[in-house]
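Structural overview for review
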Amino acid sequence: DKAPLSKSLLLVLSAISILLTLLFQHYQKFFVYNLQAIKEDFQIWRLVCGRTICLDLKDTFCSSLLIYNFRIFERRYGSRKFSSFLLGVWMLSALFDLLLVEITQYIFGITINSLPSGFLGPVFALFVPFYSSIPRVQVTRVLGHFSITNKSLVYILGLQLLTSGSYIWILALSGLISGICYSSSMLKVHRILCVPRWVAKIFSWTLEPVFSSAEPTNEVRVGMGATVDIQRQQRMEFLDRQIMMSQVAQMRRQRQQQGGMINWNRLFPPLRHRHNANYQDHRPSEQGIPPPTEVSEEQVARLMEMGFSRGDALEALRASNNDLNVATNFLLQH
């Protein structure tokens, strides 16, 4: 729901890749990312065909799963901003592909005539906002030392995609560099490489009704989001949160045994059962209570991006001494 561009990329690119592999193999030559043909024969159209459709079903499967996981950015930023990001990093990664190939040939003497085909540059570029803007929540531990978080599966998929081809590391590196350049506030690339409003309106009138999904009606309303879009996102992630909450409860018991768990109920009542978010009429006595801890606005913004209200985020961060992971675990648990 509310991710028509992600859905269209997932369905259209996967369908074309499967058809080319199973039924129309004689047309695969038009979708080969042949750098030699681009540079010597000026076949610029190969930049479009070769950098859009995967010819390897393993790459198709991994990139489709990653696009599905990265749909959260379209819900958070909107389809126009998300499509602008994909367009910008797609164009930048095409330039960095050629530069990295020339650098590899100059330094190591390796001549690379072709690269793996597919929509791989933008997929790797999406790891940049995923790393910087999605909070890390610990789910469990393996062998007592290795943490498993809510982001581990996505990184494992990226690693699988990275190791699927011999020169796919060039596409991964160019995608990451493109994502950093586009997300940088100093370079201002997002102001130049963006989808115009009139183009976004045309696609919203023509393609969005085809790929849009109906709002779920059989799921429990969470109602904690600051906006309607965030509330829809929470309903889509409701099952994942149930799994995380059970793991958080186990982690809480382990911390209690170690003597390091905060007694939340002494600090403030459960946030989810407050009748007045500001507590204007039921303020506790301030005698004997230490001054509130100064809260980082960046961490407050990250919790609000997950769908929690500002008041809940402030109190959770104050109680946890600005520990983002502990505050997130508590807000997910209550």
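Residues numbered from 1 in each chain as written. Predicted model: local features only at pLDDT ≥ 70, side-chain atom pairs only at ≥ 80, totals over all residues. Heavy atoms only, no water.

The name an unreviewed UniProt entry assigns to the protein chain is Ubiquitin-associated domain-containing protein 2, from the organism Grallaria varia. Checking UniProt for the protein chain, the heading Subcellular location (unreviewed entry) contains the comment "Membrane". (UniProt positions renumbered as here; feature names shortened; annotations may be inferred.)

This part takes up the overall build of the protein chain. On a plain count of helices and strands, the protein chain comes out with 19 helices and four strands. Within the protein chain, buried positions represent 40% of all 334 residues. Here the analysis covers contacts within the protein chain between residues at least 6 apart in sequence; of these, 72% occur between residues at least 24 apart. If you sum the accessible surface of the protein chain, you get close to 19300 Å²; carbon and sulfur atoms cover 61% of it. (Helix = DSSP H or I, 4+ residues; strand = E, 2+ residues; numbered from the N terminus. Buried < 20%, exposed > 50% of the residue type's maximum accessible area, 1.4 Å probe, protein only. Contact = heavy atoms within 4.5 Å. Areas by Shrake-Rupley, 256 points an atom, 1.4 Å probe, with all protein chains shown as cover.)

Moving on, we come to the confidence of the model for the protein chain. Averaged over the protein chain, the pLDDT score is 78; the fraction of residues at 70 or greater is 74%. Mean pLDDT across the elements of the protein chain ranges from a minimum in helix H16 (residues 264–267), with 46, to a maximum in helix H7 (residues 120–125), with 94. This model gives residues 219–226 a pLDDT under 50, and the stretch forms 19 contacts once residues within four places in sequence are excluded. Here residues 260–289 scores under 50 on pLDDT; set against residues more than four positions off or in separate chains, the count is 34 contacts. (pLDDT = per-residue confidence, 0-100.)

Running from N to C, helix H17 (residues 297–305) and helix H18 (residues 310–319) point in directions that differ by 130°, and their axes come no closer than 9 Å. Our classification of the angle between H17 and H18 gives oblique. As H17 packs across H18, the resulting crossing turns out to be right-handed. Each of Glu-297, Gln-299, Val-300, Leu-303 and Met-304 in H17 lies in contact with H18, whose residues at this interface are Arg-310, Ala-313, Leu-314 and Leu-317. Looking at the contact of H17 with H18, its residues break down into six nonpolar, one polar and two charged. (Axes fitted to C-alpha atoms, helices over the stretch in contact; angles between N-to-C directions. Parallel < 35°, antiparallel > 145°, perpendicular 65-115°, else oblique. Left-handed = near helix turned anticlockwise from the far one by under 90°. Nonpolar A, V, L, I, M, F, W, Y, C, P; charged D, E, K, R; others polar.)

What follows covers the packing of aromatic side chains. The tally for this structure, following the rule as stated, stands at twelve aromatic pairs. With a centroid separation of 5.5 Å and an interplanar angle of 65°, the aromatic rings of Phe-70 and Phe-130 are classed as edge-to-face. With Phe-70 in the loop between helix H4 (57–69) and helix H5 (71–77) and Phe-130 in helix H8 (residues 127–133), this pair connects stretches of sequence that are 60 residues apart. Side by side, Phe-70 and Phe-130 carry an identical accessibility label, which is buried. Ring centres of Phe-73 and Tyr-77 lie 6.2 Å apart, and the angle between their planes is 15°; on these two criteria the pair is classed as stacked. Linking Phe-73 with Tyr-77, this pair stays in helix H5, spanning four residues, or about one helical turn. (Phe/Tyr/Trp six-rings, centres within 6.5 Å; stacked < 30°, edge-to-face > 60°.)

Further remarks concern the nonpolar core. What tends to happen in soluble globular proteins is that the nonpolar side chains get buried as a cluster. Counting residues in each nonpolar core, the largest one holds 47 residues, and the members touching the most others are Leu-66, Phe-70, Phe-73, Leu-115 and Leu-161. The biggest single contributor to this core is helix H6 (residues 79–108), with nine residues. Once residues within four sequence positions are removed from consideration, Leu-161 is found in contact with Asp-59, Cys-62, Leu-66, Leu-120, Val-123, Phe-124 and Ile-168. Membership of the second largest hydrophobic core comes to 13 residues, among which are Met-306, Ala-316, Leu-317 and Phe-330. (Core = buried A, V, L, I, M, F, W, Y, C linked by side-chain atoms within 4.5 Å.)

Turning our attention to helix H9 (residues 152–162). Looking only at H9, the buried set comprises Ser-152, Val-154, Leu-157, Gly-158 and Leu-161. On the buried face of H9, the contacting elements are H4, H7, H8, strand S4 (146–149) and helix H10 (168–183).

Moving on, we get to the UniProt feature "transmembrane region" (unreviewed entry) in the protein chain. Look at the UniProt record and you will see "transmembrane region" (unreviewed entry) annotated at residues 6–24, 85–108, 114–132 and 153–177. In the segment residues 6–24, helix accounts for 89% and strand for 0%; the C-alpha atoms at its two ends are 25 Å apart. Annotated as 100% helix and 0% strand, the span residues 85–108 places its first and last C-alpha atoms 33 Å apart.

With that settled, consider the pattern of salt bridges. On inspection of all chains with the given rule, the structure shows four salt bridges. Across the pair Arg-51 and Asp-97 runs a salt bridge whose closest N-O atoms are separated by 3.3 Å. In this pair, Arg-51 sits in the loop between helix H3 (45–49) and H4 while Asp-97 sits in helix H6, placing the two residues 46 residues apart along the sequence. Taken as a pair, Arg-51 and Asp-97 share a single burial class, namely buried. (Salt bridge = Lys/Arg side-chain N within 4 Å of Asp/Glu carboxyl O.)

Turning our eyes to something else, we now look at H6. Helix length check: H6 (30 residues) gives 41 Å between terminal C-alpha atoms against 44 Å at 1.5 Å per residue, within 8%. Gly-109 sits one or two residues past H6 and shows a positive phi near 70°. (Expected span 1.5 Å × (residues − 1).)

Tracing the backbone through its elements, the reader meets Pro-196 in the loop between helix H11 (189–192) and helix H12 (197–206). Separated by 116 residues in the primary sequence, Pro-196 and Arg-80 place their C-alpha atoms 8.5 Å from one another.

On to unusual backbone geometry, then. Phi at Phe-42 is positive, roughly 55°, even though this residue is not glycine. Structurally, Phe-42 is set in the loop between helix H2 (35–40) and H3.

The subject of this paragraph is a nonpolar patch on the surface. A contiguous nonpolar patch, built from Ile-18, Leu-19, Leu-22, Leu-23, Phe-24, Tyr-27, Phe-30, Trp-45 and Leu-57 and spanning about 850 Å² of accessible area, is present on the exposed surface. If you tally residues by element for the nonpolar patch, the top one is helix H1 (residues 4–22), at three residues. Tracing the chain through its elements places Leu-23 in the loop between H1 and strand S1 (33–34). Look at Leu-23 and you get exposed, because its relative accessible area is 57%. (Patch = residues over 30% accessible without salt bridge, like charges linked within 9 Å, V, L, I, M, F, W, Y side chains within 5 Å.)

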